[in-house]
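Here is how the chains run, residue by residue.
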Amino acid sequence: MAPTQTAPVPLSPEEIEAMKGQVRALAKERGAVILAHNYQVPEVQDVADYVGDSLGLSRKAAAAEGDVIAFCGVHFMAETASILCPQKTVLIPDLDAGCSLAASIDAEQLADWRATYPKGVVVMYVNTTAEVKALTDYCCTSANAVDVVRHIYETHGEDTEILFGPDMWLGAYVEKELGRRMHVWDGECHVHAGIRPTDIEATRAAHPGADFLIHPECGCTTSVMEYVSSGDISAEGVHMLSTGGMLKYAEEIEGRAEARPGERREAVVATEVGMLYPLEMAAPDVDFIPANAEASCQYMKMITLPKLRDALRDLKFEVRVPPEIAERARVPIDRMVAIG
Ligand code: 13P
Ligand code: SF4
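Parameters at a glance
Residues numbered from 1 in each chain as written. Chains lettered and ligands numbered in written order. Predicted model: local features only at pLDDT ≥ 70, side-chain atom pairs only at ≥ 80, totals over all residues. Heavy atoms only, no water. Pairing = 2+ DSSP bridges. Helix = DSSP H or I, 4+ residues; strand = E, 2+ residues; numbered from the N terminus. Contact = heavy atoms within 4.5 Å. Axes fitted to C-alpha atoms, helices over the stretch in contact; angles between N-to-C directions. Phe/Tyr/Trp six-rings, centres within 6.5 Å; stacked < 30°, edge-to-face > 60°. Buried < 20%, exposed > 50% of the residue type's maximum accessible area, 1.4 Å probe, protein only. Lys NZ or Arg CZ within 6 Å of the ring centre and 35° of its normal. Parallel < 35°, antiparallel > 145°, perpendicular 65-115°, else oblique. Nonpolar A, V, L, I, M, F, W, Y, C, P; charged D, E, K, R; others polar. Polar contact = N/O pair within 3.5 Å; in protein donor to acceptor, adjacent residues only side chain to side chain. Near = heavy atom within 4 Å. Areas by Shrake-Rupley, 256 points an atom, 1.4 Å probe, with all protein chains shown as cover. Disulfide = S-S within 2.5 Å.

So, about the sheet that holds strand E5 (residues 121-125). The pairing of strands in a sheet happens through backbone hydrogen bonds and is either parallel or antiparallel. Taking strand neighbours across the sheet as the criterion, the four strands line up as E6-E5-E7-E8 in an open arrangement whose pairing is parallel. The open sheet has two free edges, formed respectively by strand E6 (138-140) and strand E8 (183-184), since each of these has just one partner strand. One ladder, built from two bridges, connects strand E7 (residues 162-165) with E8; its direction is parallel. Looking at E8, one finds that Phe164 is bridged to Val184. Sheet strands in contact with helix H7 (residues 145-156) are E5, E6 and E7, and its direction is about 155 degrees off that of E6.

Here it is as structure tokens:
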């Protein structure tokens, strides 16, 4: 379900600049590190100490210096930071910044699913609550899902039963990559599921030479993999990537553009539209085209510069995971981070 908050009043460019200064000054005063996800609004990304994907943000949270982490992302991400740094104060500027994917499975549902397959190894995307992680064997993100599942087959045996969730599109992608079936939960993110095969067909027709950067949570993932296997789209130009992987692609392609001045490239981006800002910053010589310009996550956009300023000023809203849950939830996260 999409959230129903009213849109914030837009700030003028001068107000934004002034508020960026206030935010940086407050962060210094509080000894706070500002972490922001790639889908955050540009002005929030601009004031962050680190901008990245969910895996990169978990790593930065674990290594963060200082007493306070101001997390500009959604609630499960702030929870993950709190699980990894229980001694730090983790703040989220808006407690309502949830996630439809994380809401698609709760601890009771996972416990029931586990009971149906008692020998199964549970792999859950980090887009889950702390309670769900506490019942999970391995976490993964879109950046490492294939590696995590491959690792399980290698270490637990080739015939291991895997329960993968909650994202069915990411699950289908992992199955296709490894050529193995898993038990896959039927959850999805409303934003990525809304990027449909028809969006890809329309952008392909309008931009025939473009590369495709596709987040594996997208509803078009399976059909694009089918186009690639049938030879309908050249595999060379199709990249299934986490948001961090998309950024790496942009940096690499920009490096090549510098070597060949004047050459412009096009890349169709199938993910939440906030991603366009960091991509454009990283590769000004590439035209990034959204596969679906309406694919905006209203949860991510609940985090605004004024709310971040208030969070740092008033030390609110603290996200703290109960220690007994945090202790169990840390196990699958640590296993994931150790795999890569
Ligand atoms: P990544 O940043 O890990 O690719 O995840 C995308 C996402 O949907 C986060 O909400
Ligand atoms: Fe959750 Fe989807 Fe928003 Fe990411 S884009 S936070 S998966 S609802």
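Once that is clear, we can look at the packing of aromatic side chains. Applying the stated criterion across every chain yields a total of one aromatic pair. Measuring from centroid to centroid gives 5.0 Å for Trp113 and Trp185, while their planes differ by 65 degrees, and the two rings are edge-to-face. Highlighted residues: Trp113 in helix H5 (residues 107-116) and Trp185 in the loop between E8 and helix H9 (190-193), separated in sequence by 72 residues. Overall, the relative accessible area of 11% leaves Trp113 in the buried class. Lying across the ring of Tyr153, Arg180 places its NZ or CZ 3.9 Å from the centre. The side chain of Arg335 reaches across the aromatic face of Tyr138, ending 5.3 Å from its centre.

The next point concerns the sheet that holds strand E1 (residues 32-37). As summarised here, the arrangement of the four strands in space is E2-E1-E3-E4, forming an open sheet in which the pairing is parallel. The outermost strands of the open sheet, each flanked by one partner alone, are strand E2 (50-52) and strand E4 (89-91). Taken over all neighbouring pairs, the strand axes of this sheet differ in orientation by 20 degrees on average, direction set aside. Note: E1 against strand E3 (residues 68-72), five bridges, orientation parallel. Counted as the bridge partner of Ile34 is Ala70 from E3. Strand contacts of helix H3 (residues 54-63): E1, E2 and E3, with the helix running at about 170 degrees to E1, the strand carrying the most contacts.

Relative orientation of the contacting elements helix H10 (residues 197-206) and helix H11 (residues 221-229) amounts to 50 degrees, with a least axis distance of 8 Å. The angle between H10 and H11 places the two elements in the oblique class. Residues Pro197, Ile200, Glu201 and Arg204 of H10 pack against Ser223, Val224 and Tyr227 of H11. Its residues assigned to classes, the contact of H10 with H11 comprises four nonpolar, one polar and two charged.

Every buried residue of helix H8 (residues 168-178) is accounted for by Trp169, Leu170, Gly171, Tyr173, Val174 and Glu175. At the N-terminal end of H8, a side-chain oxygen is found 3.2 Å from the backbone nitrogen of Trp169, two or three residues along, and the residue is Asp167. Looking one or two places after H8, you find Gly179, whose phi comes out positive at around 65 degrees.

This part is about the pairing of strand E9 (residues 211-214). Residues Asp211 and Leu213 of E9 are buried on one face, and the alternating residues Phe212 and Ile214, pointing to the opposite face, are buried as well. Of the strand pairs in this sheet, E9 and strand E11 (residues 265-270) are connected by four bridges, and their pairing is parallel. In the sheet register, Ile214 faces E11, and the bridge partner there is Ala270. As defined by bridge partners, E9 adjoins strand E10 (residues 238-240) across three bridges and the pair is classed as parallel. Looking across to E10, one finds that Ile214 is bridged to Met240.

A few words on the site of ligand 1. Lining the immediate surroundings of ligand 1 are 14 residues, of which His37, Ser54, Ser142, His215 and Thr243 lie closest. Glu217 places a polar side-chain atom, nitrogen or oxygen, 3.2 Å from an oxygen atom of ligand 1. With respect to ligand 1, the side chain of Thr243 contributes an N or O atom lying 2.7 Å from an oxygen atom. Burial of ligand 1 by the surrounding chains reaches 96%, relative to a free accessible area of 300 Å².

In the vicinity of ligand 2, the contacting residues are Tyr39, Val74, Cys99, Ser100, Asn127, Cys189, His190, His192, Glu217, Cys297 and Met300. Among the residues forming the shell around ligand 2, the class breakdown is six nonpolar, four polar and one charged.

Turning our eyes to something else, we now look at the state of the cysteines. Enumeration according to the criterion identifies zero disulfides in this entry. We note that Cys218 lacks a disulfide partner, and the nearest cysteine sulfur, in Cys220, lies 4.5 Å from it.

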